[in-house]
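# Coordinate inspection notes
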Amino acid sequence: MKRLSLMLGLAVATTAAMQSCKMKTAATAVQGDAASKTYVAPGKYDEIYNFVSGGFNGQVSVYGLPSGRLLKVIPVFAVNPENGYGYSEETKAMLNTTNGLIPWDDQHHLDLSQTNGEQDGRWLFANANNTPRVARIDLTTFKTMEILQIPNSAGNHSSPFITENTEYVVAGTRFSVPLGSEDVPISSFKDNFHSTASFISVDKNSGKMDLAFQIVLPGMNLDLSHAGKGPSHDWFFFSSYNTEQAYTLLEVNASQKDKDYIVAVNWKKAEEYAKAGKGKKVPATYAHNTYDEHKQTATSEIKNEVLLLDPKDCPDMVYMIPCPKSPHGCDIDPSGEYIVGSGKLAALIPVFSFSKMTKAIAGKQFEGDFKGIPIIKYEAALHGEVQKPGLGPLHTEFDGKGNAYTSMFLSSEVVKWSLKDLQVLDRVPTYYSVGHLMIPGGDTRKPGGKYLVAYNKITKDRFLPTGPELAQSAQLYDISGDKMQLILDFPTFGEPHYAQACQASLIKDKQVKYYDINKNGHDYVTMGEKKANVVRKGNRVDIYMTAIRSHLVPDNIEGVFVGDEVYFHVTNLEQDWDIPHGFAIKNNPNAELLIMPGETVTLKFSPDKQGIYPFYCTDFCSALHQEMSGYLRVSPKGANVPLKFGTGETVTSVAAK
Amino acid sequence: MKQASLLTAAAAIALLLYGCGSTPQADTEKPAADNSMAATTPATPTPAAAAAADAKGKGKFTSVALTDPLDQKMIASGKSTYEVKCAACHKLTGDKLVGPGWKGVTERRKPEWIMNFITNTDEMIDKDPAAQAMLEECMVRMPNQHLTDDEARHVLEYMRSNDGKK
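Residues numbered from 1 in each chain as written. Chains lettered and ligands numbered in written order. Predicted model: local features only at pLDDT ≥ 70, side-chain atom pairs only at ≥ 80, totals over all residues. Heavy atoms only, no water.

Counting its regular elements, chain A contains eight helices and 46 strands. Relative to the globule expectation of 26 Å for 657 residues, the C-alpha radius of gyration of chain A, 28 Å, shows essentially globular dimensions. If you line up chain A on its principal axes, its C-alpha atoms span 90 × 70 × 45 Å. Counting contacts in chain A only where the partners sit at least 6 residues apart, residues at least 24 apart contribute 62% of the total. Accessible surface, chain A: about 26300 Å² in total, of which carbon and sulfur atoms supply 54%. Of the side chains in chain A, 65 bear a positive and 72 a negative charge, and the two mean positions are spaced by 1 Å. (Helix = DSSP H or I, 4+ residues; strand = E, 2+ residues; numbered from the N terminus. Rg over C-alpha atoms; globule rule 2.2 N^0.38 Å. Contact = heavy atoms within 4.5 Å. Areas by Shrake-Rupley, 256 points an atom, 1.4 Å probe, with all protein chains shown as cover. Lys, Arg positive; Asp, Glu negative; His and termini not counted. Charge placed at Lys NZ, Arg CZ, Asp CG, Glu CD.)

Moving on: the packing of aromatic side chains. Residues and elements named next belong to chain A. Under the defined criterion, the tally for this structure stands at 28 aromatic pairs over all chains. An angle of 40 degrees between the planes, with centres 5.9 Å apart, marks the rings of phenylalanine 51 and phenylalanine 142 as tilted. With phenylalanine 51 in strand S1 (residues 48-53) and phenylalanine 142 in the loop between strand S8 (133-138) and strand S9 (143-149), this pair connects stretches of sequence that are 91 residues apart. Owing to a relative accessible area of 9%, phenylalanine 142 belongs among the buried residues under this scheme. A centroid spacing of 4.9 Å and a plane angle of 45 degrees characterise the contact between phenylalanine 568 and phenylalanine 583, whose relative ring orientation is tilted. (Phe/Tyr/Trp six-rings, centres within 6.5 Å; stacked < 30°, edge-to-face > 60°. Buried < 20%, exposed > 50% of the residue type's maximum accessible area, 1.4 Å probe, protein only.)

Here the focus is the packing of helix H6 (residues 111-119) of chain B against helix H9 (residues 149-162) of chain B. Residues and elements named next belong to chain B. Axis separation between H6 and H9 bottoms out at 10 Å; the angle between their running directions is 130 degrees. The orientation of H6 relative to H9 falls into the category oblique. In terms of crossing hand, the pair formed by H6 and H9 is right-handed. Contacts between H6 and H9 pair Pro111, Ile114, Met115, Ile118 and Thr119 from the former with Asp149, Ala152, Arg153, Val155, Leu156 and Met159 from the latter. For the contact of H6 with H9, a count of residues per class yields eight nonpolar, one polar and two charged. (Axes fitted to C-alpha atoms, helices over the stretch in contact; angles between N-to-C directions. Parallel < 35°, antiparallel > 145°, perpendicular 65-115°, else oblique. Left-handed = near helix turned anticlockwise from the far one by under 90°. Nonpolar A, V, L, I, M, F, W, Y, C, P; charged D, E, K, R; others polar.)

Let us now look at the environment of A:Gly648. Residues and elements named next belong to chain A. Within the secondary structure layout, glycine 648 lies in the segment after strand S46 (644-646). Residue classification places glycine 648 among the exposed positions, given a relative accessible area of 75%. Once the C-alpha coordinates of glycine 648 and proline 324 are considered, the two residues, 324 residues apart in sequence, prove to be 74 Å apart.

All names here are of chain A. Of all the ten residues making up strand S13 (residues 193-202), eight are buried; the element is thus mostly covered by neighbouring parts of the structure. Two strands pair when backbone bridges link them, and strand S11 (residues 168-173) and S13 are joined in this way by five bridges, in the antiparallel orientation. Among the inter-strand pairings, alanine 171 is bridged to a residue of S13, identified as serine 198. Sheet analysis places strand S12 (residues 177-178) next to S13, joined by two bridges and oriented antiparallel. When the bridges of S13 are listed, proline 178 appears paired with phenylalanine 193. One ladder, built from nine bridges, connects S13 with strand S14 (residues 209-218); its direction is antiparallel. Paired with alanine 197 across the strands is isoleucine 215, a residue of S14. What sits between the antiparallel neighbours S13 and S14 is a turn of six residues, in which glycine 207 has the positive phi angle 85 degrees. (Pairing = 2+ DSSP bridges.)

Let us look at the UniProt feature "domain: Cytochrome c" (unreviewed entry) in chain B. Mapped onto the present numbering, the UniProt feature "domain: Cytochrome c" (unreviewed entry) falls at residues 73-163 of chain B. Here residues 73-163 of chain B runs as 64% helix and 0% strand, with 17 Å between its end C-alpha atoms. (UniProt positions renumbered as here; feature names shortened; annotations may be inferred.)

Scored by pLDDT, chain A has a mean of 93; 95% of the residues are at 70 or more. Under a pLDDT of 50 for its full length, residues 1-23 of chain A has, in the predicted model, 16 contacts with residues more than four places off or in other chains. (pLDDT = per-residue confidence, 0-100.)

With that out of the way, let us pick up the interface of chain B and chain A. Each partner contributes to the interface: chain B provides 23 residues, whereas chain A provides 25 residues. Note on chain B versus chain A: buried area summed over both sides is about 1900 Å², and carbon and sulfur give 56% of it. Seen at the junction of chain B and chain A, the total is one salt bridge. The salt bridge involving B:Glu83 is made with A:Lys530; its shortest N-O contact spans 2.9 Å. Here chain B is connected to chain A by five residue pairs in polar contact (both at pLDDT 80 or more). The element that contributes the greatest number of residues to the side of chain B that touches chain A is helix H4 (residues 72-86) of chain B, accounting for four residues. (Buried area = accessible area lost by both parts, 1.4 Å probe. Salt bridge = Lys/Arg side-chain N within 4 Å of Asp/Glu carboxyl O. Polar contact = N/O pair within 3.5 Å; in protein donor to acceptor, adjacent residues only side chain to side chain.)

Here we take up the domain arrangement of chain A. Residue and element names in this part refer to chain A. Taken domain by domain, chain A consists of domain 1 (47-506) and domain 2 (518-646). When each unit is reduced to the centre of its C-alpha atoms, the spacing between domain 1 and domain 2 is 43 Å. The partner domain 2 presents 17 residues to the 14 residues of domain 1 that form the contact. Here domain 1 and domain 2 share an interface that buries about 1200 Å² over both sides, 45% of which is from carbon and sulfur atoms. (Domains from an automatic or database assignment.)

Looking now at the environment of A:Gly277. Residues and elements named next belong to chain A. One can find glycine 277 in the loop between helix H6 (267-275) and strand S18 (280-292). For glycine 277, a relative accessible area of 54% corresponds to the exposed category. Spatially, the C-alpha atoms of glycine 277 and leucine 309 are 9.5 Å apart, while their sequence positions differ by 32 residues.

A few words now on the sheet that holds S1(A). Residue and element names in this part refer to chain A. Taken in spatial order, the four strands line up as S3-S2-S1-S35 in an open sheet, and their pairing is antiparallel. The open sheet has two edge strands, strand S3 (69-75) and strand S35 (499-503), and neither has a second partner. Between one strand axis and the next, the sheet turns by 20 degrees as a mean value, whatever way the strands run.

This paragraph deals with unusual backbone geometry. Residues and elements named next belong to chain A. With an omega dihedral of -10 degrees, the bond running from tyrosine 431 to tyrosine 432 counts as a cis peptide bond. Of note, tyrosine 432 is situated in the loop between strand S30 (424-429) and strand S31 (434-438). A positive phi is found at asparagine 242, a non-glycine position, where the angle reads about 55 degrees. With respect to the helices and strands, asparagine 242 occurs in the loop between strand S16 (235-241) and helix H5 (250-253). With a phi close to 50 degrees, serine 433 is a non-glycine residue in the positive phi region. Within the secondary structure, serine 433 sits in the loop between S30 and S31. Under the relative-accessibility criterion, serine 433 is labelled buried at 13%.

Because each turn of an α-helix spans 3.6 residues, side chains separated by three or four positions in sequence point in the same direction. All names here are of chain B. Of all the positions in H4, only Met74, Ile75, Gly78, Thr81, Tyr82, Glu83, Val84, Lys85 and Cys86 are classed as buried. Elements in contact with the buried residues of H4: H9. For H4, the capping residue at the N-terminal end is aspartate 71, with a side-chain oxygen 2.9 Å from the backbone nitrogen of lysine 73.

With 31 residues, the main nonpolar core has A:Phe199 and A:Ile215 as its most contacted residues. Of all hydrophobic cores here, the second largest spans 28 residues; its members include A:Val60, A:Val79, A:Leu112 and A:Ala135. (Core = buried A, V, L, I, M, F, W, Y, C linked by side-chain atoms within 4.5 Å.)

The next point concerns the confidence of the model for chain B. Residue and element names in this part refer to chain B. Summary statistics for chain B give a mean pLDDT of 78 and a share of 68% for residues scoring 70 or more. The low-confidence segment residues 1-43, where pLDDT is below 50, has 43 contacts with residues more than four positions distant or belonging to other chains. As scored by the predictor, the complex reaches a pTM of 0.89 and an ipTM of 0.81.

With that out of the way, let us pick up the packing of H4(B) against H9(B). How two helices pack is summed up by the angle between their axes together with the distance between the axes. Residues and elements named next belong to chain B. Their axes nearest at 7 Å, the elements H4 and H9 cross at an angle of 100 degrees. Between H4 and H9, the crossing angle belongs to the class labelled roughly perpendicular. In contact with Met74, Ile75, Ser77, Gly78, Lys79, Thr81, Tyr82 and Lys85 of H4, H9 contributes Glu151, Arg153, His154, Val155, Glu157, Tyr158 and Ser161.

Laid out in structure tokens, this is it:
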């Protein structure tokens, strides 16, 4: 036994010293002082907010770092019964699309808003992959404020990356599709299918998004992207795969060529062309949903037109840079000079130089074109290659100290290397199949080089087993020294992809604590219990209800009939931080509500059976929380029961008819 | 910033006085004493003043000038605040609803106590003996409804009018 472990240890040490590190046991992974580096004592705050994509749960989760404590789940693209998002009358419109309300999506990447290439703590942008959409989340309320659908797109994958002053958010197609809704054979892919790169403008003050223009590209798969910064400010870079233009068994057919492309887009030029009328306005329907804070209600507008820019009509706007096989990450270093492509299927990491790229363009060092778009000579744009970094380079983040960190999907490790001389400096194992990495601000001009988080796809032996499906995992590394050190595992929701993080101080003190009841502009607000009311119009019944510790007004409602459409408009009269009230009614095939202090939210209930329906507050609010309840009486259609409601009036007996 | 550190210092001293077992150092870092609320939380009086002013409660109001005759504008404004923020729990009669009825409140309590209770609710419930006695009776902590100083003063005027003051 002893001998075996000695041999094993030796073997591990040798392998680690030689090439990629293969140690896969938890015992050797963590050193003694790891716990003290992540311990945040009760009552103390974490240093960092970490926003993690929810993958197939469609939401965004917020963790504190370095503790890994889950702070909040923000519903964005998936209905959330916990607080009625997508179920309440106010929020249904947020999930509206040209295909009606879609209750689910696949949320992959996040980007925090920036000013001058630094995080400004205002908004968080999120993409929906499946039904292409981009959302904006307000970081004073942690609420989704806006969702914009993207037409002419499928698999909205290289999204929602932003320019360094949040001028634009991009949305690049993963699956090429025909423009518009024409019916064409799949085999006509090369002629009829296109990828698009959509540029969404963001209003400086309000954050309001608008689909400014779409650049039409050849049929291929856009994977990830990042905007330039500093000297490369005017440019956006997208990685691509399947430039073979295959449309079946991509596993084989999209792996034929030894290089795909980084698509370099001069968005400043594109903006000029759009303004100069070089684009073509074409019909395209897409939903634009916005949440009005004053009315506390979302509205959905269907738009009918989009501006398309064709590279043929817009010279110098788009270039291709050859990049070794199937690049995933396309990451720009803090100086804005280096563009790191990560060829998932390549055994090296190509690093391009922005200044060499512009020189190559000026000197027309091209090696042909891809459907009319000039292809820059590989060597002309190349800064150099990181040799033998590991297997399956996927995504690179930066520490602001001249180092890059690349995740290695196949060899399950993080590799640290130097941007200057492209030498590998350090490597640590991950558990297992790491996807994206995240350094707080690691994609900005000012990364915080203290921590790195790896978001893994597979977790086998990391947590207590929970049947066939295990928790996804994030792993926190201390990168403050020369050697990376694993200091924490923490589970995440869904399948985590890209994440963002910033110093807590950027956001913490801006938090809204409650909504001012006097500024509540909801159409169905109840300004005080005196205004509580029940109004019938045909078979629609509007209940103006209030909630405060620890009662609802009204709490007895009669004269409602089977077949009525009952709307409970519940106003939370509290004006105190951290005192939401809940509202649920028995057998309602809907969800509950969580109503924040000073807010009004509406739950629809259409009873189809007579009976007494209790309703109650679901969020424990006071010692008398259990008492915070009431009854709705639903009588048969046509019954002779007058409309009646109240709280605090007890009647000795009322004959039921 | 200055106000925040003053508040922290005052909280530490208050703790020493009222003693709840934890060390003042640890307590200054508790979220309960978090500075993020400093903008809306009034400064705590010095311990000496607080001890001398039990009847006035705890909070920034140490002296409230009353009007004579009552200010009708303040009454109207106080009434509208009452209807939105207070009526859910307080009747204008002497009957208890969730909280005590308001009839006679201006006889039972000093104006400063009332103003402090409205604007500094949590500290009053935690430390003021009369407020604690009411909590034992009502079993619901009065929600801090975040009235401005003016709104609180107007509500006081409305209470005085409700008590038949002229």
